[in-house]
Amino acid sequence: MNAASALSVLRACCPRCGKGSLFEGYLNVAPRCASCNLDYSLLDAGDGPAVFVILIVGAIVAGSALFVEFEFQPPYWVHAVVWLPLVIGLSLALLRLAKSLLIFLQYRHDAGEGRSTG
């Protein structure tokens, strides 16, 4: 992936032209690109982004919470105040990025539903 492709993923732009927006709203994929008219209905990330985000955020927060618990032993309410907003914030931040990345990779590799060549 080159720098232009990475920038397109970070900005959630069209995987073909890099100009039109990939999303309508925060996570809803637009029906098509406003610039090049690419039909996004064939591009579907499915549950992949959510799985990656759950695993990444879970590892970060669980590891950090264990470290804080063993090192400082704060009351339980401190864990709730610290980790709950972090889980929500990281999940929302990474979910759009992961969805954009998986849709971009699906387009670049011409991936689709299971196909048989035989």
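Residues numbered from 1 in each chain as written. Predicted model: local features only at pLDDT ≥ 70, side-chain atom pairs only at ≥ 80, totals over all residues. Heavy atoms only, no water.

Describing the overall build of the chain
And then number 1: Helix and strand content of the chain: three helices and two strands.
And then number 2: Start at the N end of the chain and walk to the C end: the helices and strands fall as α-β-β-α-α.
And then number 3: Along the three orthogonal principal directions, the C-alpha set of the chain runs to about 55 × 35 × 25 Å.
And then number 4: Partitioning the intrachain contacts of the chain with sequence separation of at least 6 by distance along the chain shows that 54% fall at a separation of at least 24.
And then number 5: Summed over all atoms, the accessible surface of the chain reaches about 7900 Å², with 64% contributed by carbon and sulfur.
And then number 6: Across the chain, 8 positive and 8 negative side-chain charges occur, with their mean positions spaced 15 Å apart. (Helix = DSSP H or I, 4+ residues; strand = E, 2+ residues; numbered from the N terminus. Contact = heavy atoms within 4.5 Å. Areas by Shrake-Rupley, 256 points an atom, 1.4 Å probe, with all protein chains shown as cover. Lys, Arg positive; Asp, Glu negative; His and termini not counted. Charge placed at Lys NZ, Arg CZ, Asp CG, Glu CD.)

Digging into helix 3 (residues 76-108)
And then number 1: Over its 33 residues, helix 3 runs 46 Å from end to end, which matches the ideal 48 Å to within 8%, given 1.5 Å per residue.
And then number 2: One or two residues past the end of helix 3 sits aspartate 110, with phi positive at roughly 50°. (Expected span 1.5 Å × (residues − 1).)

A short note on a nonpolar patch on the surface
And then number 1: Nonpolar side chains collect at one region of the surface, where Tyr26, Leu84, Val87, Ile88 and Leu92 lie side by side and expose about 450 Å² of accessible area between them.
And then number 2: Structurally, isoleucine 88 is set in helix 3. (Patch = residues over 30% accessible without salt bridge, like charges linked within 9 Å, V, L, I, M, F, W, Y side chains within 5 Å. Salt bridge = Lys/Arg side-chain N within 4 Å of Asp/Glu carboxyl O.)

Observations concerning the environment of proline 75
And then number 1: Residue placement: proline 75 occurs in the loop between helix 2 (48-72) and helix 3.
And then number 2: The spacing of proline 75 and isoleucine 88 is 13 residues in sequence and 21 Å in space, taken between C-alpha atoms.

A word on the confidence of the model for the chain
And then number 1: Put simply, the chain has an average pLDDT of 93, and 95% of its residues get 70 or more.
And then number 2: Ranking the helices and strands of the chain by mean pLDDT puts helix 2 first, with 97, and helix 1 (residues 3-11) last, with 91. (pLDDT = per-residue confidence, 0-100.)

Focus: unusual backbone geometry
Phi is mostly negative for residues that are not glycine, and the peptide bonds are mostly trans.
And then number 1: Unlike most non-glycine residues, alanine 12 shows phi in positive territory, near 55°.
And then number 2: Positionally, alanine 12 belongs in the loop between helix 1 and strand 1 (23-24).
And then number 3: By relative accessible area, alanine 12 is classed as buried at 3%.
And then number 4: A positive phi angle, near 65°, is found at asparagine 37, a position not held by glycine. (Buried < 20%, exposed > 50% of the residue type's maximum accessible area, 1.4 Å probe, protein only.)

Re the side chain of histidine 79
And then number 1: If you trace the backbone, histidine 79 turns up in helix 3.
And then number 2: Engagement of the side chain of histidine 79 in a polar contact is seen with the side chain of glutamate 69, the distance being 2.6 Å.
And then number 3: If sequence neighbours within four positions are ignored, histidine 79 has contacts with Ala65, Val68, Glu69, Pro74 and Leu84. (Polar contact = N/O pair within 3.5 Å; in protein donor to acceptor, adjacent residues only side chain to side chain.)

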